[in-house]
Amino acid sequence: MSKQIVAGNWKMNLDLNEANQLLQDLIKLEKKFNSNAEVVICPSAPYLSAFAEQLKDHSWIKLGAQNAYFVDSGAYTGEISPLQLKSIGIDYCLVGHSERRDNFDENYEMLAKKSKALINHDVAPIFCCGEQLQVRNSNVYREFVMKQIEDSLFSLSAEEIAKCVIAYEPIWAIGTGKTATADQAQEIHNLIRARLSSQFGENVAKEVSILYGGSCKPENAQELFSQADIDGGLIGGASLKADDFCAISNSF
Ligand code: PGA
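Chemist: Please clarify how the overall build of the protein chain should be interpreted in this entry.
Modeler: Scanning the protein chain from terminus to terminus reveals 12 helices and eight strands. The C-alpha atoms of the protein chain give 17 Å as radius of gyration, which agrees with the globular expectation for 252 residues (18 Å, within 12%). Considered along the principal axes of its C-alpha atoms, the protein chain spans approximately 45 × 45 × 35 Å. Residues classed as buried in the protein chain amount to 52% of the 252 residues present.

Chemist: How should the sheet that holds strand β1 (residues 5-9) be read in this particular structure?
Modeler: Strand order in the closed barrel made by the eight strands is β1-β2-β3-β4-β5-β6-β7-β8, with parallel pairing throughout. Neighbour to neighbour, the strand axes of the sheet diverge by 25° on average, direction disregarded. In terms of strand pairing, β1 meets strand β8 (residues 232-235) through four bridges, oriented parallel. Bridge pairing links Val6 to Gly233 in β8.

Chemist: Can you walk me through the side chain of His97 in this structure?
Modeler: In this fold, His97 is placed in the loop between β4 (92-95) and α4 (98-103). When neighbours within four sequence positions are excluded, His97 is seen to be in contact with Asn9, Lys11, Cys128, Glu169 and Ile174.

Chemist: Hey, could you run me through the layout of surface pockets in this one?
Modeler: The rolling of a water-molecule-sized probe over the atoms marks out the regions of remaining empty space. Of the voids in this model, the largest pocket is the one considered here, and its volume is about 520 Å³. Lining the largest pocket are 20 residues, with Met12, Gln66, Asn67, Arg100 and Phe104 sitting closest to its centre. Counting residues per element, the lining of the largest pocket draws most heavily on α4, which supplies three residues. Residues belonging to the lining of the largest pocket are distributed by class as follows: nine nonpolar, seven polar and four charged. Of the volumes computed, that of the second largest pocket is approximately 290 Å³. As for the second largest pocket, its lining consists of 19 residues, of which Lys3, Tyr92, Ala124, Ala162 and Lys163 are closest to the centre.

Chemist: Which parts of the structure should I look at to understand the environment of Thr176?
Modeler: Examined against the element boundaries, Thr176 turns out to sit in the loop between β6 (165-168) and α9 (182-200). In the structure, Thr176 is positioned 164 residues away from Met12 in sequence and 17 Å away in space, judged by C-alpha atoms. Here Lys178 takes part through its backbone nitrogen, which lies 3.1 Å from a polar atom of the side chain of Thr176.

Chemist: Explain empty space enclosed by the protein to me, please; I cannot follow it from the model alone.
Modeler: Evaluation of the coordinates by the stated rule reveals one cavity of 30 Å³ or more. By volume, the largest cavity amounts to about 40 Å³. Residue lining of the largest cavity: Gly96, His97, Ser98, Arg101, Cys128, Cys129, Gly130, Gln148, Glu169 and Ile171, and that is the complete set. Breaking the lining of the largest cavity down by element, the ones donating at least two residues are α4 and β5 (124-129). Here the lining of the largest cavity is composed, by residue class, of three nonpolar, five polar and two charged.

Cut-off values and rules
- Residues numbered from 1 in each chain as written.
- Predicted model: local features only at pLDDT ≥ 70, side-chain atom pairs only at ≥ 80, totals over all residues.
- Heavy atoms only, no water.
- Helix = DSSP H or I, 4+ residues; strand = E, 2+ residues; numbered from the N terminus.
- Rg over C-alpha atoms; globule rule 2.2 N^0.38 Å.
- Buried < 20%, exposed > 50% of the residue type's maximum accessible area, 1.4 Å probe, protein only.
- Pairing = 2+ DSSP bridges.
- Axes fitted to C-alpha atoms, helices over the stretch in contact; angles between N-to-C directions.
- Contact = heavy atoms within 4.5 Å.
- 1 Å grid on protein atoms, 1.4 Å probe; cavity = no way out; pocket = protein on both sides within 12 Å on 5 of 7 lines; lining within 4 Å.
- Points joined across faces, edges and corners; volume = space filled by probe spheres on them.
- Nonpolar A, V, L, I, M, F, W, Y, C, P; charged D, E, K, R; others polar.
- Polar contact = N/O pair within 3.5 Å; in protein donor to acceptor, adjacent residues only side chain to side chain.

And the structure:
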């Protein structure tokens, strides 16, 4: 069975004091968070190590990184390796967020390598996919999203892909306040699961959590999460407010 997950993508926001404050606010809300959902936060990389220490006594919050390279170590100035992430206790890592695909030219081949390298180190990739507005309007959005997944994840084995989380994030919904309707999101989530099933088998398809991302907030999370193939959310803006993030966790 796929896990219900709420993952907060803090992006490049918050200075150290603000980030620590948000972490403390979340920790205080422990009893209010949905205990059936996996709670993941992805703060900026400089805070990961200190957060990992602080979360030793609060293991209900899992830590995710926002990016990693695909090599264990070496002359790659500025990069972070999956091995390094694992060594400080990181459980998840975003892969292929649209902001990285667009601003840092991450292509399908690189994302395939990153996903594989993370899995090798037992860090679960949260693989992001999703179409631009013009693709949505041109009506080939289904094929577009399937191709993103096939190109980067279908070289994995069934056992490996079962360890991945997939986040469907239509780019026109990210940070715009314009959420996909529950029907629009469910259509793609259902297609993703069907495609995983035809490639890797039904049991594997049922294992993979498929999250929705793009202006998900307390007001719309319930309708989205009630859809059969939506296992939770990758939350940007609303994850920067502890109460909103907590409310979203209670929207299943
Ligand atoms: P948003 O961001 O919730 O602010 O739209 C989601 C994301 O980029 O992961």
